[in-house]
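# Architecture and fold: a report
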Amino acid sequence: MADAMEMMILSILSPALKCEWDLNGWQQALVTTVVFCGMMMSSAIWGKISDRHGRRVELLLCSFITFYYGLISAGAPNLWWLLFLRCFVGIGIGGSPQSVTLYSEFLPSKQRAKCLVLTEVFWALGSCFEVLLALFVMPTLGWRWLLGLSSLPLLVFDIACLWMPESARFFMASGQTRRAYDVLERIAKENGTTMPPGELVSDAGQRKDTTPRGRFADLVGPDFRRTTFLLWIIWLGNAFSYYGVVLMTTELLGAGDTCHVGSQSNIPAAECSLECRMLTTADYWDLLWTTIAEFPALFLTAVIIDLLGRKRTMALEFVVYSVFVFLLCICTSRVIMTMFLFVARGFISGAFQTAYVYTPEVYPTSMRSIGLGMCSAMARIGAILAPFNSQVVLNYSVYAAISIYGTVALLAAGASMLLPIETKGREMKDTRTVQ
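Residues numbered from 1 in each chain as written. Predicted model: local features only at pLDDT ≥ 70, side-chain atom pairs only at ≥ 80, totals over all residues. Heavy atoms only, no water.

## Considerations on the nonpolar core
Grouped together as the largest cluster of nonpolar side chains are 102 residues, with contacts concentrated most on Leu231, Trp235, Tyr243 and Phe318. Residue contributions to this core peak at 13 residues, all from helix H12 (residues 225-255). With near-sequence residues (within four places) excluded, Trp235 lies in contact with Phe352, Ala355, Tyr356, Thr359, Leu372, Cys375, Ser376 and Ala379. (Core = buried A, V, L, I, M, F, W, Y, C linked by side-chain atoms within 4.5 Å. Buried < 20%, exposed > 50% of the residue type's maximum accessible area, 1.4 Å probe, protein only. Helix = DSSP H or I, 4+ residues; strand = E, 2+ residues; numbered from the N terminus. Contact = heavy atoms within 4.5 Å.)

Right, here's the structure in full:
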């Protein structure tokens, strides 16, 4: 929820900075891009830390970095200081996907997909809360207060991490059976029950996995090479499409419809900075409605993910997203445009959550975090490119920008169907051998 607030800021912060600091389209895009650059640089490193030192340690570090730099970025005196500090915010956020790794390792296979998808309700709640916070803070206190207040939930999370248990699967994979047993015993006690009789063993039996954990070479080895490359395409396309529609929403709402976005480049530059247009109350409410779209999509995904399987669910949601993005090419009213954005955002959010379910399931414990971390790094490449399409290309040709988003999503749908492994009903593995 806290990370969602930090990400949602990006679509709100850009119009405000454009007015206050007289930014051009490229500088606007950089405000968003530096965050994703930080995420891209750090994602694989956080995955390595998580696989070698534990999920809990990694989450403590990354959440504190995000909080600290998010808070002090509110005092940035100019654009370049803001870019520098927001890059470090991105470095911290780059570790947040490992929370999915930790949670998935506690879940049984039958309930894993639904539980992982439904936890993303809190991402949607964080996004909605950020829009509501901006609605009240931006007109009165300004963007600096918004940045400062938005960082505080991360401090709460960091404190809560002190009571969070480490993954028992991580302890087993690292040969710390006694500590794994202690974690499970603590959980059993907190749930008012006792541990079942027997010994803890991994799917490798009594053999300890002695090969190094968190190695990049294992991702591109013969066992996982095809899966890894296809997942990179899916994650890149997913982030490009998701953040693209989020950022494009504020641009389209600012223009009123798709008919007048491209024509803005032909309007003479404003002679006075007061002519710059800030987001209005109506814009914030419409942004909130498109954000709420993630809720029904998440519940729909939770229903169909175990019926269709992970691969088909991702492919279907990518295709539906593409259809409604292409419909934005129609010159229509603000209400209809908002409805198209609502559906597109909902389904691309569902596809993203399905990827978050599939990725930890397909990789074994010893390389699960580095696998998810590298996928997250590839997603940030897509996210880095999204602002330039939404805030630069869109101003020259709205149809070109929309077509790019729709086409990339269709390519991701194809990659989803080509994945060699369907993880529906599959137990999570601890060893590196693909079954």
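Here the narrative resumes.
## Details of the confidence of the model for the protein chain
Taken residue by residue, the protein chain gives an average pLDDT of 80. The fraction at 70 or more is 86%. Taking the mean pLDDT of every element in the protein chain, the minimum, 70, falls on helix H1 (residues 2-21) and the maximum, 94, on helix H15 (residues 310-326). When the criterion is pLDDT under 50, residues 262-275 qualifies, and its contacts beyond four places in sequence or with other chains add up to seven contacts. (pLDDT = per-residue confidence, 0-100.)

## Thoughts on helix H4 (residues 79-93)
For H4, built from 15 residues, the straight-helix expectation of 21 Å at 1.5 Å per residue is met to within 8% by its first-to-last C-alpha distance of 21 Å. Turning to H4, its buried residues number three or more, namely Leu79, Leu82, Leu83, Leu85, Arg86, Cys87, Val89, Gly90, Gly92 and Ile93. With a side-chain oxygen lying 3.2 Å from the backbone nitrogen of Trp80, the N-terminal cap of H4 falls on Asn78. (Expected span 1.5 Å × (residues − 1). Polar contact = N/O pair within 3.5 Å; in protein donor to acceptor, adjacent residues only side chain to side chain.)

## Observations regarding the side chain of Arg380
Assignment of secondary structure puts Arg380 in helix H17 (residues 368-396). Setting aside its immediate chain neighbours within four residues, Arg380 contacts Phe36, Met39, Met40, Ser43, Pro97, Tyr243 and Tyr356.

## Some words on the packing of helix H6 (residues 109-119) against helix H14 (residues 294-308)
Running from N to C, H6 and H14 point in directions that differ by 165 degrees, and their axes come no closer than 9 Å. Comparing the axis directions of H6 and H14 gives the class roughly antiparallel. Between H6 and H14 lies a crossing whose hand is right-handed. Facing Lys110, Ala113, Lys114, Val117 and Leu118 of H6, the residues of H14 in contact are Leu298, Phe299, Thr301, Ala302, Ile305 and Asp306. Of the residues belonging to the contact of H6 with H14, the class tally is seven nonpolar, one polar and three charged. (Axes fitted to C-alpha atoms, helices over the stretch in contact; angles between N-to-C directions. Parallel < 35°, antiparallel > 145°, perpendicular 65-115°, else oblique. Left-handed = near helix turned anticlockwise from the far one by under 90°. Nonpolar A, V, L, I, M, F, W, Y, C, P; charged D, E, K, R; others polar.)

## Describing H15
The terminal C-alpha atoms of H15 lie 25 Å apart, and with 17 residues this matches the ideal 24 Å at 1.5 Å per residue to within 8%. Restricting attention to buried positions, one finds in H15 the residues Arg310, Lys311, Thr313, Met314, Ala315, Glu317, Phe318, Val320, Tyr321, Ser322 and Val325.

## Quick look at the pattern of salt bridges
Evaluation of the coordinates by the stated rule reveals seven salt bridges. A salt bridge links Arg368 to Glu105; its shortest N-O distance comes to 2.7 Å. One end of the pair, Arg368, is in helix H17; the other, Glu105, is in the loop between helix H5 (98-104) and H6, and 263 residues separate them in sequence. In this structure, Arg368 and Glu105 share a single accessibility class: buried. Here Arg186 and Glu190 are joined by a salt bridge, their closest N and O atoms 3.1 Å apart. (Salt bridge = Lys/Arg side-chain N within 4 Å of Asp/Glu carboxyl O.)

## Notes on the packing of aromatic side chains
Taken as a whole and judged by the stated rule, the model has 18 aromatic pairs. Relative to Tyr68, the ring of Phe64 has its centre 6.3 Å away and its plane inclined at 15 degrees; by these criteria the two rings are stacked. Of this pair, Phe64 and Tyr68 both sit in helix H3 (residues 55-72), four residues apart, which is roughly one turn of that helix. On the basis of relative accessible area, Tyr68 is assigned to the partly exposed category, the value being 39%. Taking the centre distance of 5.5 Å and the plane angle of 40 degrees together, the rings of Phe224 and Tyr363 count as tilted. One end of the pair, Phe224, is in the loop between helix H11 (216-219) and H12; the other, Tyr363, is in the loop between helix H16 (334-362) and H17, and 139 residues separate them in sequence. In terms of burial, Phe224 and Tyr363 fall into one category: buried. Members of the aromatic cluster, connected to one another through ring pairs, are Phe64, Phe67, Tyr68, Tyr69, Trp81, Phe84 and Phe88. (Phe/Tyr/Trp six-rings, centres within 6.5 Å; stacked < 30°, edge-to-face > 60°.)

## Some words on the packing of helix H13 (residues 281-292) against H16
A pair of packed helices can be characterised by two numbers: the angle between their axes and the separation between those axes. Direction vectors running N to C along H13 and H16 enclose 35 degrees, while the axes themselves pass 7 Å from each other. Between H13 and H16 lies a crossing whose hand is right-handed. Contacts from Ala282, Asp283, Asp286, Trp289, Thr290, Thr291 and Ile292 in H13 reach Arg334, Thr338, Leu341, Phe342 and Arg345 in H16. Looking at the contact of H13 with H16, its residues break down into five nonpolar, three polar and four charged.

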